[in-house]
Structure formats: structure tokens, C-alpha cells
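# Reading the structure
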Amino acid sequence: MAAVAGGHHPPKDGILAVTTYADSLRHYKANSKALPLKPISFLHGEPQVIWEQDEVNQMIINENLEYAVIGKFSYGWPDIQDLRRLIPKQCELKGDCSIGLLSNRHVLIRATLLKDYVHLLSKSAFYINPMFNSEEETTTAIAWISFPSLPPNFFGKETIFSLAATVGKPLQVDMATRNQTRPSCARVKVEVDLMKEFPKHIKIGMRKQSGELMEK
């Protein structure tokens, strides 16, 4: 495994290049606090949920992303359990860390210590040898819905529930989402009415302190 600080290209024989995830928000140092459920609005018939910039900054803190880095693999990688065992040992991390696959080529490493975060970024290279269940004779059903490629700072329960409320009544997030072990996709159990039309897309946005609205 090779880890390269942000802005640098990995060596040709490297496996993992590491870059910062929330470097631009590093100065927001505060305690975790709950965020309110957001109201749903509609734009051109599509539901959307808007967060303020300071709320998104708080998500970074709530989801333990202040000292997070993203590792990019140049080619294949070991099993995720092997990665969780090898990365802390061979990268000489001193504190606890959480490691999960972000996509088929990226891994998210949440460090808990600033010195581990700095250590990961300061070295040029590291080398490491929907479920569905419906009830009979009713239009009400319980379903798992997924939010693939959702940024990990949006994985808080209140944030997920705000998004899931556009589909139905959110009930609970799954264990992998709650434990932050699958950053590639968030899943939530929702009570839905099968007679209603479900949105195909949900727009999310962040309103900057200047008033400018950024949408996705």
C-alpha cells in the first residue's frame, strides 16, 4: 500500500494514495451536537433538502471526519478485514481509527489523533504486504432504501432521516451506517405507501453564509 499526501501522484508501483477529506474545514473544532430535521421543499416537482454551510461543517464533526483521509488504490486491495488490521500496524498509527471502503478504489480512514492524521499525509508512501417486506392486503410496506455515493459527512441519523422523509416515514438506519463501516452507501428503513409515487431524485444543497445556494 502506498499513501501519498494530497496533490501528489502515487508511484507507479504503489497501491494506495492518500489525500485529505475535510482539510478545508479543519478549523471547525467543536463538540458533536445533533442537527434538526430539515423541511422538504420542491423545485420543478422534485423534492429537495437544503442545509446551511455551518450545518454541513457540523456534520464533519459529528461523523468523525475532522482527521479523515481518503486512500486511493492503484490496483487490487486485500479484504476489508485485512485492511483494518494492516493499515494501523504498518502505517504506525497510535490512536484508534475506523476504516471502510468508500468505493471500489477508495478507502476512508477516520483517525482520532491529529498526529496520526499528520503522519498519514506527511509520508510520501506506505507499503503494505433493497431488502423489501410488504404486508398482505395493505398498501403500507417496510423497505430499505439506499443513498449510494452520499458524502460521509451526511451520514448522521438526522441527516439521513431528512432525506428519507421524501420517500416515507424513516424508522432506522442500518448498523453499517450507524457504525460508519460502509461509507460508500447509507441505508435506512422506511415505512412507505405503495400507492404513492416515489421521487426518482432528491436534490441536496448547502446555503453559504453569503446566501449563495449550492445544489447537488
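Residues numbered from 1 in each chain as written. Predicted model: local features only at pLDDT ≥ 70, side-chain atom pairs only at ≥ 80, totals over all residues. Heavy atoms only, no water.

### As for the pattern of salt bridges
Enumeration over the complete set of coordinates arrives at five salt bridges. The shortest N-O distance in the salt bridge between Arg 207 and Glu 52 comes to 2.7 Å. On the basis of relative accessible area, Arg 207 is assigned to the partly exposed category, the value being 31%. You can call Glu 52 partly exposed: its relative accessible area is 27%. As a salt-bridge pair, Arg 182 and Asp 174 come within 2.9 Å of each other at their nearest N and O atoms. Here Asp 174 falls in the buried class, since its relative accessible area comes to 8%. One connected set of salt bridges, linked through shared partners, spans Asp 174, Arg 182 and Arg 187. (Salt bridge = Lys/Arg side-chain N within 4 Å of Asp/Glu carboxyl O. Buried < 20%, exposed > 50% of the residue type's maximum accessible area, 1.4 Å probe, protein only.)

### Some points on the nonpolar core
If you look at the biggest cluster of nonpolar residues, it comprises 23 residues, and the most contacted ones within it are Trp 51, Phe 147, Leu 150 and Val 188. If you list the elements that add at least two residues to this core, you get strand 3 (46-52), helix 1 (53-62), strand 8 (140-148), helix 4 (157-164), strand 10 (185-193) and strand 11 (203-207). The next biggest cluster of nonpolar side chains, apart from the first, holds 15 residues, and it includes Leu 93, Val 107, Ile 109 and Leu 120. (Core = buried A, V, L, I, M, F, W, Y, C linked by side-chain atoms within 4.5 Å. Helix = DSSP H or I, 4+ residues; strand = E, 2+ residues; numbered from the N terminus.)

### Observations regarding the side chain of Gln 58
If you trace the backbone, Gln 58 turns up in helix 1. The residues touching Gln 58, leaving out its near neighbours within four places in the chain, are Asn 31, Ser 32, Lys 33 and Leu 35. (Contact = heavy atoms within 4.5 Å.)

### Some words on the packing of aromatic side chains
For the structure on display, the rule yields two aromatic pairs. Here the aromatic rings of Trp 51 and Phe 154 are separated by 5.3 Å at their centres, their planes lie at 85 degrees, and the arrangement is edge-to-face. Each of the two residues, Trp 51 as well as Phe 154, counts as buried. Measuring from centroid to centroid gives 6.0 Å for Tyr 67 and Tyr 117, while their planes differ by 40 degrees, and the two rings are tilted. Here Tyr 67, found in the loop between helix 1 and strand 4 (68-73), pairs with Tyr 117, found in helix 3 (residues 114-122); they are 50 residues apart in sequence, far enough to count as distant. According to the relative accessible area criterion, Tyr 67 is buried, its value standing at 15%. Among the residues examined, Tyr 117 registers a relative accessible area of 6% and is labelled buried. (Phe/Tyr/Trp six-rings, centres within 6.5 Å; stacked < 30°, edge-to-face > 60°.)

### Overview of unusual backbone geometry
Even without a glycine there, the phi angle at His 44 is positive, about 55 degrees. Tracing the chain through its elements places His 44 in the loop between strand 2 (41-43) and strand 3. In the Ramachandran plot, Asn 64 falls in the positive-phi region, its phi being about 55 degrees despite a non-glycine side chain. Along the chain, Asn 64 falls in the loop between helix 1 and strand 4.

### What to know about the side chain of Glu 55
Within the element layout of this structure, Glu 55 appears in helix 1. Given a relative accessible area of 12%, Glu 55 falls into the buried group. Apart from the residues lying within four places of it in its own chain, the contact partners of Glu 55 are Leu 35, Pro 36 and Lys 38.

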